[in-house]
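Architecture at a glance
Given next are the chains, with one letter for each unit.
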Amino acid sequence: MIAAELPGFPRPLLRRRELGLLLAVAGTLLLGGLSLGFTRSGSPTLAHPAGLLVYLGALAGVHVALVLAGRRVDEVLLPTVGLLGGIGLLLAERLPQDLVVQQVGPAVLGLASLQLVWLVLALVITGVVAIAVRSDRWFRLYKYTWAASGLGLLALTFVLGRDVNGTRLTLDLGPVSGQPSELLKVILVIFFAAYLAENRVLLADARVRVVGRLTVPPAPYLLPAGLMLALALGIVVIQRDLGAALLFFAVFLCLFYLATGSKVDVALGIGLFLVGFALLALVFPHVRERVATWLDPWSDPLGTGYQTIQALHAFARGGLLGTGLGAGLPAVGGQLPIPAVHTDFPLAALGEELGMAGVLAILGCYLVVVARGLRIAAAAADDVRALLCAGLALVIGVQAAIIAAGNLKLIPLTGITLPFIGYGGSSLLVNGLIVGLLLAFSDRGPVPPAEPRRARRLARAGG
Amino acid sequence: MDPLTLALWAIRLAFLAALYLFLALVVRALLRDVRAASRDPAGALGRLVVVASVSLPAAGSVFPLDAVTTIGRDLGSSVVLDDPFSSARHAILTFRGRGWYVEDLGSTNGTLVNGIPVAGAQPLGFGDEIQVGDVRMRLERGTR
Amino acid sequence: MARLTLVLVLAYGGLMLGAGYWQVLRADDLSRDPTDAGMIAAARSTVRGRILDRDGRVLATSRRDSTGEPYRVYTDASVSAPLGYASRLYGSAGLEAAYASELLGAGGDDPASRALAKFRPRGERGDDLRTSLSLTLQRLAVRLLGTDRGAVVAIDPRTGDVLAMASTPTYDASGIADPATSRAAFAAARDDPGQPLLDRAIQGRYVPGSVFKIVTAIAGLSSGAITPATTFPQQPRAESTGLLVSGYRVRDGHHPFTGTELLDFARATEVSCNIWYALAGLRTGGAGMEEAARRLGFGAPIPFDLPTARSQLTNGGGPLPGGFTDDVELANAAYGQGEVLVTPLEMALVAATVANGGEEPRPRLVTGFVSPSGAVRDVSRGTLARVLSSDDAAAITLAMTQAVEGVDGQRFTTGAQVAGVTVAGKTGTAQLGGAGEPHSWFIGFAPAEAPTIALAVIVEQGGGGAARAAPLAGDLLRAFFAARP
């Protein structure tokens, strides 16, 4: 990048639009905190003010850091993601704090405190990455290293991982535990982007005829794609992680389409995935059970279908405007109606308390993140960067869509988290990383110097 | 209805309204950007950015590309180079279907892509560097 | 890029539609379901409203246990069938389930009141239910059924108000609701071979026997296939030899005293002539029979406060019009055998339709809600369908009156007569095949000139219609008219 070659300190650059939007976010979240506190105590008080203020402070910190860094990066992403994270924080404060308890040194932290810690750490990552990452050379040069490390991570999880709720997703490293498949998302997107950018023209133009007018790219170029399909389905089998498989594959197909523009290939890919999935459902009972629960949860209302049914009831109780923060999720015998609501069904909880109006607004925010990411991709100067940005944006957008659709019983329920809102340290950190990368790659370079007169005339003559 | 309940519901609804206010602000910002981009339709297919040059055009110049773009010293070329080592009609860039191709037009000093001489019509990726004479240019994605 | 954005926007649009489906379209039926966590939580903190009879007598009320949580107490077991129970352990049934949301103060049917209910602090007490039941009549019906299994449905034909809806054996709903005895009482009711938890009046499906002839009469008269003057020349001879239908003989012979008399509609009804009705059914045809039955509410749940079983004319799927397998089935169905199955509520509605001049009233149990603040919200009443003309209804009324009051009719309806009141009715003796006693049926209404009550009585395996059902109906009608002339 040119900017990197310029000596000297960057000049601070005001970010008025971001500041304005962040003020709107702060106002919204304070209203939310007030609503929650009012419902709790019966008088107008702010719920858990310290947590909310720390979070808003962290957002402001990232904003100031970006201003000081003087890079011309996107001004919409941070506030949008900040709002989603804030809603997640409000939800974490609203839920019983003993859903997650962790001992950190002498302190015992509950759900909201942990969520706050992860959110602040994620924002730190976002800020650091957004300011520090200046070049995508690393990503493009070492793509096979990235792919190998991703597969290694996966293998490591499989061998050393710990089973939680029947899926082997958690890896313990000393006192820290995490879900590597979250990081795998980013690594795979980097690999896809580099691989597809390199082979773009060949995949698009060197076609081999199959039947009639149906053509596919030649086998050697398709091999990595085939490996991906195998990998995605392998995750389903080995890790029982239906959501991640769907996510990887959907993002891969989207990027493939972006790179080659071939609808036929995408249709073939979808077909292959469906066939593979059907085969898996035939062979593996747990896949079949998931599908059966999805098709008719009421066939076993107190067993496998319980969670799903309770979530749908929660959506129904919310109705159009919701019950208000803190007023929903009626506890029966001290138990929340939806088990694992903070990881699997945050959207159902929000659907009850904020109503359909709230759900639509939240989905709208995700759509803004994706649209913005794709816009950054469209403006990117080269293929790798364009595909990388599109892939990162899609990871967030598709993941949110998959889990939201699962909550709403539009597709089988999967165990992936709702980005920025659902509880989960790895998920928040990785999503922070993604936002940081998107910000970094949205850099429009330094304010261009006025062009020399002659060159401009030449350029115009050329155009 | 007692005033406390009323106030509570006012706050709840205000929170929802604030969510939509934020969305409206964001969408306005997005639309403004889209409009700004569409106001400048030139270079939808791609652009050439001069990376290094000892003469004119100066480094940093940007040329929006048409589907067929010729490069050379001849003033009739799309991109006119004032470089002693380039030929009058030096190279041609063509956009075919989904990607760019570069072809050397029998120039004296040849055309390099990422430092390798071009032979025949050769696909060109965004981010690739073309060298004509002493002028190095990078092909960048358009604004579509 | 633009296309991809569009695809994602569409996908998110789908998600939003999904949210709309669950949060708007399905919001009511899910959130008002008794198994909803919100309803369960409300049931634990809110005192259910009372359930009252038509005169304001309390049928169900609530008490608090030692921990302060409310539980349900029912006036007596006779109302167990329509009211059901509300228990912390076993959920709810009957009206307690159907009107859980109103009883718990969670708002009524219309969206406006539900939206407003959200702005109210949750009440300590739900709405009272006002029902059309008469506790006196309900108790008497249960007492008269005694140890037999059976059901009684009594309806005001002018309004559709259900005056009594008894199903025996009854069960101890208070015991199920009381947390101290809940398990034992529920187990006892569940394991009772008499299946008391089954509300026979609306869920029981029975072979109707001759009471179904009123449906055949409605079909024949309204389609014009028969008139009150219709006679069948082959009928007298067939009494002794049997009626040959497609090689199968329909036999009768239970009214030998009519000899060679050529019976018309009223006489055939009076002596309950199977041959005449089989011929009438054949002349009406399967399509005509099916049409009339459907208008009366066969083949679908009846629009009612409680879930009802479907009554059926045939098993369906037969090649003949109306779904009949052959003419033999049609001939048998015409006098209530064949594959005909009916609920007691459906047969009470058949009687009420004739009593109401051919217009079928919409049955209702709940007539209104009274909020804790005393605000009353009435439930509108209505009609289901105009089933037959008032002239045809008058002809059937005449025939049914003759069946109760006529010299020959009295042989079959012994005990249904009420001094000073003209009763119209029809008995049924539903043969079940095998050696068991037949079901004893009676449907009717009174006074025949201006009916104020229509009823259906079934006593499972109670013998002939005159043995149990007809005298039981007579006792009920006598008590009814003694209380309100």
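Just so it is clear, the model here is predicted, and its values are computed rather than measured.

Rules and cut-offs
- Residues numbered from 1 in each chain as written.
- Chains lettered and ligands numbered in written order.
- Predicted model: local features only at pLDDT ≥ 70, side-chain atom pairs only at ≥ 80, totals over all residues.
- Helix = DSSP H or I, 4+ residues; strand = E, 2+ residues; numbered from the N terminus.
- Buried ≥ 20, exposed ≤ 12 C-beta atoms within 10 Å, placed from the backbone.
- Contact = placed C-beta atoms within 7 Å.
- pLDDT = per-residue confidence, 0-100.
- Nonpolar A, V, L, I, M, F, W, Y, C, P; charged D, E, K, R; others polar.
- Pairing = 2+ DSSP bridges.
- Axes fitted to C-alpha atoms, helices over the stretch in contact; angles between N-to-C directions.
- Left-handed = near helix turned anticlockwise from the far one by under 90°.
- Expected span 1.5 Å × (residues − 1).
- Arc of directions from axis to C-beta.
- Core = buried A, V, L, I, M, F, W, Y, C linked by C-beta atoms within 7 Å.
- Parallel < 35°, antiparallel > 145°, perpendicular 65-115°, else oblique.

If you tally the helices and strands in chain C, you get 20 helices and 17 strands. The buried share of chain C, taken over its 485 residues, is 56%. Expressed as a percentage of contacts within chain C between residues at least 6 apart in sequence, the contacts between residues at least 24 apart total 69%.

This paragraph deals with the confidence of the model for chain A. Residue and element names in this part refer to chain A. Residues at a pLDDT of 70 or more form 84% of chain A, whose mean pLDDT is 81. Averaged pLDDT values for the elements of chain A fall to 43 in helix α1 (residues 2-5) and rise to 94 in helix α4 (residues 77-94). Every residue in residues 1-7 scores below 50 in pLDDT, and together they form eight contacts with partners more than four places removed in sequence or on other chains. Taken together, the stretch residues 448-463 has pLDDT below 50 and engages in 23 contacts with residues farther than four places along the chain or on a different chain.

This brings us to the interface of chain A and chain B. At the interface, 51 residues of chain A touch 40 residues of chain B. Those elements that place two or more of their residues in the side of chain A that touches chain B are α2 (16-41), α4, α8 (180-205), α15 (346-379), α16 (383-407) and α18 (453-462) of chain A. The residue inventory of the side of chain A that touches chain B, partitioned by class, reads 30 nonpolar, 13 polar and eight charged.

Now for the interface of chain C and chain A. Note on interface size: it is often stated as the accessible area lost on association of the parts. Every contact between the two is made by 26 residues of chain C and, on the other side, 35 residues of chain A. Only α1 (2-25), α2 (27-31) and α3 (37-45) of chain C provide two or more residues apiece to the side of chain C that touches chain A. Element by element, the count of residues in the side of chain C that touches chain A is highest for α1 of chain C, at 15 residues. When the residues that make up the side of chain C that touches chain A are grouped by side-chain class, the tally is 16 nonpolar, seven polar and three charged.

In this section: the environment of V215 of chain C. Residue and element names in this part refer to chain C. Topologically, V215 is positioned in helix α12 (residues 213-223). Placed 119 residues apart in sequence, V215 and A334 show a C-alpha to C-alpha distance of 8.2 Å. Aside from chain neighbours lying at most four places away, what touches V215 is A292, A293, L296 and V350.

Mean pLDDT over chain C: 89, with 96% of residues reaching 70 or higher. Confidence estimates for the predicted assembly give a pTM of 0.70 and an ipTM of 0.87.

Another point: the sheet that holds strand β4 (residues 79-80) of chain B. Reading across the sheet, the five strands line up as β4-β3-β5-β6-β9 (chain B) and stay open at both edges, with mixed pairing between neighbours. If you trace the sheet from one side to the other, it starts and ends with β4 and β9 (122-124) of chain B, each paired once.

All right, on to the pairing of strand β3 (residues 70-74) of chain C then. All names here are of chain C. For β3, the tally of buried residues reaches four of five residues, placing the bulk of the element in the interior. Inspection of the sheet shows strand β2 (residues 58-64) paired to β3 by five bridges, in the antiparallel sense. Each bridged residue has a counterpart across the sheet, and for R64 the counterpart in β3 is P70. Linking β2 to β3, which pair antiparallel, is a turn of five residues; within it G68 sits at a positive phi near 95°.

A few words on the sheet that holds strand β1 (residues 46-52) of chain B. Residue and element names in this part refer to chain B. Read across the open sheet, the six strands follow the order β2-β1-β11-β10-β7-β8; overall the sheet is antiparallel. Of all the strands in the sheet, the pair left with one neighbour each is β2 (62-64) and β8 (116-117). The sheet contact formed by strand β7 (residues 111-113) and strand β10 (residues 129-132) spans three bridges and is antiparallel. Within the sheet, the bridge partner assigned to T111 lies in β10 and is V132.

Our next topic: the packing of α16 of chain A against helix α17 (residues 425-441) of chain A. All names here are of chain A. Viewed as axis vectors pointing N to C, α16 and α17 meet at an angle of 145°, and their least axial separation amounts to 10 Å. Note that α16 runs across α17; the crossing there is left-handed. Contact residues: R385, L388, C389, L392, A393, V395 and I396 in α16; N431, I434, L437, L438 and F441 in α17. Tallied by class, residues from the contact of α16 with α17 come to ten nonpolar, one polar and one charged.

Here we come to helix α7 (residues 143-160) of chain A. All names here are of chain A. Its 18 residues give α7 an end-to-end C-alpha distance of 25 Å, which sits within 8% of 26 Å, the value for a rise of 1.5 Å per residue. Looking only at α7, the buried set comprises K143, W146, A147, G150, L154 and T157. The buried residues of α7 occupy an angular sector of 105° when projected down its axis, which confines them to one face. In this structure, α7 carries Y144, G152, V159 and L160 as exposed residues pointing more than 90 degrees from its buried face.

Turning our attention to the nonpolar core. The tendency in soluble globular proteins is for nonpolar side chains to be buried side by side. Ranked by internal contacts, the top residues of the largest apolar core, which has 187 residues, are A193, V251, L255, L387, C389, A393 and L438 of chain A. A per-element tally of this core places α15 of chain A first, with 24 residues. Those residues in contact with A393 of chain A, other than ones at most four positions away along the chain, are V369, V370, G373, L374, A377 and L438 of chain A. In this structure, L95, L135, L282 and A293 of chain C belong to the second largest nonpolar core, which totals 143 residues.

Let's shift gears to helix α20 (residues 469-483) of chain C. With 15 residues, α20 of chain C extends 21 Å between its outermost C-alpha atoms, agreeing within 8% with the 21 Å of an ideal straight helix rising 1.5 Å per residue. In this fold, the buried residues of α20 of chain C make contact with α8 (135-145), β7 (150-155), β15 (424-430), β16 (439-446) and β17 (453-459) of chain C.

Here we come to the environment of G91 of chain C. Residue and element names in this part refer to chain C. By the secondary structure assignment, G91 is in strand β5 (residues 91-92). Given 17 C-beta atoms within a 10 Å radius, G91 is considered partly exposed. Spatially, the C-alpha atom of G91 lies 9.8 Å from that of A43, the residues being 48 residues apart in sequence. Ignoring anything within four residues of it in the chain, the contact list for G91 reads P34 and T35.

All names here are of chain A. In contact at an axis separation of 9 Å, helix α10 (residues 242-260) and helix α11 (residues 263-283) are set at 165° when each is read in the N-to-C sense. Taken together, the axes of α10 and α11 lie roughly antiparallel to each other. Here α10 and α11 pass one another in a crossing that is right-handed. Residues F249, L253, F256, Y257 and T260 of α10 pack against D265, V266, G269, I270 and F273 of α11. Residue classes in the contact of α10 with α11 are distributed as seven nonpolar, two polar and one charged.

Right, let's talk about unusual backbone geometry for a bit. Glycine aside, residues mostly have negative phi angles, and peptide bonds mostly take the trans form. All names here are of chain C. At the junction of T168 and P169, the peptide bond is cis and its omega measures out at -5° in the coordinates. Tracing the chain through its elements places P169 in the loop between β8 (162-168) and α9 (173-177). At the junction of A446 and P447, the peptide bond is cis and its omega measures out at -15° in the coordinates. Along the chain, the position of P447 falls in the loop between β16 and β17. In this structure, S246 takes a positive phi of about 50° despite not being glycine. Relative to the helices and strands, S246 resides in the loop between β9 (243-245) and β10 (248-250). Owing to 10 C-beta atoms within 10 Å, S246 belongs among the exposed residues under this scheme. If you check the backbone angles, Q461 has positive phi at about 50° while not being a glycine.

The subject of this paragraph is the pairing of β10 of chain B. Relative to strand β11 (residues 135-141) of chain B, β10 of chain B runs antiparallel, the two sharing four bridges. Note that in β11 of chain B the partner of Q131 of chain B across the bridge is R136 of chain B.

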